[in-house]
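Fold and geometry: a report
Residues per chain, in single letters:
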Amino acid sequence: MIGTDLAQAAALLRQGKLVGIPTETVYGLAANALDAQAIASIYSVKNRPSFNPLIVHVPSLAAISMYAQHVPQALMDIAQAFWPGAVSILVEKSNQVPDVVTAGSVKVVLRMPRHSLALELLQMLDFPLAAPSANISNTVSPTTAQHVEDGLGSQIPYILDGGSCTVGVESTILGFENGKVVILREGGVSREDIFAKTGIETTPSSEQTIQSPGQLKKHYSTQKPLYIVESINDHIAAHSDQSFSALLYEQREVDATTHLLSENYNLGEIANNLFATMRAADQDSTDAILIEPIREEGIGRAVADRLRRAASTFIS
Ligand code: TXA
Ligand code: MG
């Protein structure tokens, strides 16, 4: 059921049930992060491998000291600068955080979402919320309550409707390796944003492959193939036996069923519309989805990352 009743959402969470919650990035599938049994049901409802840990959502900066220890100053500074916001930090967990949340790791990912309903809900509760994106594993992340309903509606009692997500791609996950802040997942806050606001340089993590199944290929998949092609028009011309949906970064003519991600190549808009547009193109009666490579700067890097994972094949 979809609704806006915070008290009902809180009551269900206190009973160890799952609730779909809005955040600024994507919708989350939330449960009491301190309740191992509630956490187990997140894994089963999402069909998520048990080795893939969950992000813990907290109501304040002060909560970091409850659920983490020995937090590097640079990550503290970044949280201070961006929370609430689309930055998550990977830090050593305190013993309050059950092992199931971190899939056995001594580190936990913490995040304070920038969404008024999510923050109100977190403030009503005396526990933090573990919440992965509210989709079945290996499908497109949800950016509206209806997307959550479409994927998981029959399996969860309540979805809190907070409107369309304003960022549209998941949070940036930052860790700390060899005295430096590293990016484990590109996301809603770009490395340019981080540098501009804090003066802290970030680099891609060297440990990407083991860290984060978010880095597994085919994580954000559409039903039909999605191809990243240098030229949509050339691809269409070379495959006249097939029909295509095209995702466009700006207004232009192509001989396909078109979906506009932005009027004029605005990267923020493109990120914001990406997942909903991938879903819409999946509904077209076409054989495949085409998109050209995106400009990899700012939030464009997160878009490029999600596209690479969604793409069945690379065609240059
Ligand atoms: O924006 C977001 O971060 C959204 C909203 C709902 O907050 N959440 C989200 O969660 O994207 P999820 O579970 O779909 O992606 C979390 C990523 C996964 O790739 C997971 O492997 C990684 O974070 N992760 C979580 N805890 C971790 C840990 N302790 N160590 C390493 N990676 C971790
Ligand atoms: Mg996810």
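Residues numbered from 1 in each chain as written. Chains lettered and ligands numbered in written order. Predicted model: local features only at pLDDT ≥ 70, side-chain atom pairs only at ≥ 80, totals over all residues. Heavy atoms only, no water.

The next thing to look at is the overall build of the chain. Counting secondary structure elements, the chain contains 11 helices and 16 strands. Against the 2.2 N^0.38 benchmark of 20 Å for 316 residues, the chain shows a C-alpha radius of gyration of 19 Å, consistent with a compact globule. Along the first, second and third principal axes, the C-alpha atoms of the chain reach 60 × 45 × 30 Å. When the accessible surface of the chain is split by element, carbon and sulfur atoms take 48% of a total near 13100 Å². Within the chain, one finds 22 positive and 33 negative side-chain charges whose respective centroids are separated by 6 Å. (Helix = DSSP H or I, 4+ residues; strand = E, 2+ residues; numbered from the N terminus. Rg over C-alpha atoms; globule rule 2.2 N^0.38 Å. Areas by Shrake-Rupley, 256 points an atom, 1.4 Å probe, with all protein chains shown as cover. Lys, Arg positive; Asp, Glu negative; His and termini not counted. Charge placed at Lys NZ, Arg CZ, Asp CG, Glu CD.)

This part is about the packing of helix 1 (residues 6-14) against helix 5 (residues 116-124). A pair of packed helices can be characterised by two numbers: the angle between their axes and the separation between those axes. Remark: helix 1 packs on helix 5, axes separated minimally by 10 Å, with the N-to-C direction vectors making an angle of 50 degrees. Between helix 1 and helix 5, the angle falls in the class oblique. Seen from above, helix 1 lies across helix 5 with right-handed handedness. Every residue of helix 5 that contacts helix 1 at Leu6, Ala7, Ala9, Ala10, Leu13 and Arg14 is listed here: Leu117, Glu120, Leu121 and Met124. Here the contact of helix 1 with helix 5 is built from residues that sort into 8 nonpolar, no polar and 2 charged. (Axes fitted to C-alpha atoms, helices over the stretch in contact; angles between N-to-C directions. Parallel < 35°, antiparallel > 145°, perpendicular 65-115°, else oblique. Left-handed = near helix turned anticlockwise from the far one by under 90°. Contact = heavy atoms within 4.5 Å. Nonpolar A, V, L, I, M, F, W, Y, C, P; charged D, E, K, R; others polar.)

Turning next to the nonpolar core. In this structure, Trp83, Ile89 and Leu110 are the most contacted members of the largest nonpolar core, which totals 46 residues. For this core, the secondary-structure elements that each account for two or more residues are strand 3 (28-32), helix 2 (36-46), helix 3 (64-67), helix 4 (73-82), strand 5 (87-92), strand 6 (107-111), helix 6 (145-152) and strand 10 (180-185). Excluding anything up to four places from it in sequence, Leu110 contacts Val56, Val58, Ile64, Tyr67, Ala68, Trp83, Val87, Ser88, Ile89 and Val91. Counting 27 residues, the second-largest nonpolar core is a separate cluster that includes Val26, Ala304, Leu307 and Ala311. (Core = buried A, V, L, I, M, F, W, Y, C linked by side-chain atoms within 4.5 Å. Buried < 20%, exposed > 50% of the residue type's maximum accessible area, 1.4 Å probe, protein only.)

Here we come to the site of ligand 1. Close contacts around ligand 1 come from 26 residues, with Thr25, Arg48, Asn52, His57 and Ser171 the closest. Here Thr25 contributes a side-chain N or O atom positioned 2.6 Å from an oxygen atom of ligand 1. One of the side-chain N or O atoms of Arg111 is found 2.8 Å from an oxygen atom in ligand 1. Relative to its free-state accessible area of 680 Å², ligand 1 is covered by the protein chains to the extent of 98%. Sorting the residues of the shell around ligand 1 by element identifies strand 4 (55-57) and strand 6 as the ones contributing at least two each. Examining the composition of the shell around ligand 1, we find that 4 residues originate from one element, strand 6, more than from any other. Counted by class, the shell around ligand 1 contains 12 nonpolar, 9 polar and 5 charged residues. (Near = heavy atom within 4 Å. Polar contact = N/O pair within 3.5 Å; in protein donor to acceptor, adjacent residues only side chain to side chain.)

When pLDDT is averaged along the chain, the result is 94; 94% of the residues meet or exceed 70. Note that residues 209-215 has pLDDT below 50 and, in this model, 14 contacts with residues that lie over four places away or in other chains. (pLDDT = per-residue confidence, 0-100.)

This part covers the pairing of strand 3. Look at any regular strand and the pattern is simple: side chains alternate between the two faces of the sheet. Among the 5 residues of strand 3, 5 are classified as buried, and the element is accordingly described as predominantly covered. Both strand 2 (residues 19-21) and strand 3 contribute to a ladder of 3 bridges, which runs antiparallel. In the strand pairing of strand 3, Val19 is matched with Ala30. Where strand 2 folds back on strand 3, the antiparallel hairpin that results is connected by 6 residues. For strand 3 and strand 7 (residues 129-130), the ladder comprises 2 bridges, and the chain directions are antiparallel. Bridge pairing in strand 7 links Asn32 to Leu129. (Pairing = 2+ DSSP bridges.)

It is worth spelling out the packing of helix 4 against helix 7 (residues 191-198) at this point. In the contact formed by helix 4 and helix 7, the axes pass within 10 Å of each other and the chain directions differ by 95 degrees. Compared by their axis directions, helix 4 and helix 7 come out roughly perpendicular. For the pair helix 4 and helix 7, the contacting residues are Asp77, Ile78, Ala81 and Phe82 in the first and Asp193, Ile194, Lys197 and Thr198 in the second. Each residue belonging to the contact of helix 4 with helix 7 can be placed in one class, and the counts come to 4 nonpolar, 1 polar and 3 charged.

Right, let's talk about the environment of Thr172 for a bit. By secondary structure assignment, the location of Thr172 is in strand 9 (residues 172-177). With a relative accessible area of 1%, Thr172 lands in the buried category. Here the alpha-carbon distance between Thr172 and Ala311, two residues 139 residues apart in the chain, equals 21 Å.

What follows covers unusual backbone geometry. In this structure, the amide linkage connecting Trp83 to the following residue, Pro84, adopts the cis form with an omega of -10 degrees. Within the secondary structure, Pro84 sits in the loop between helix 4 and strand 5. Located in the positive-phi region is Asn178, a residue other than glycine, with phi close to 50 degrees.

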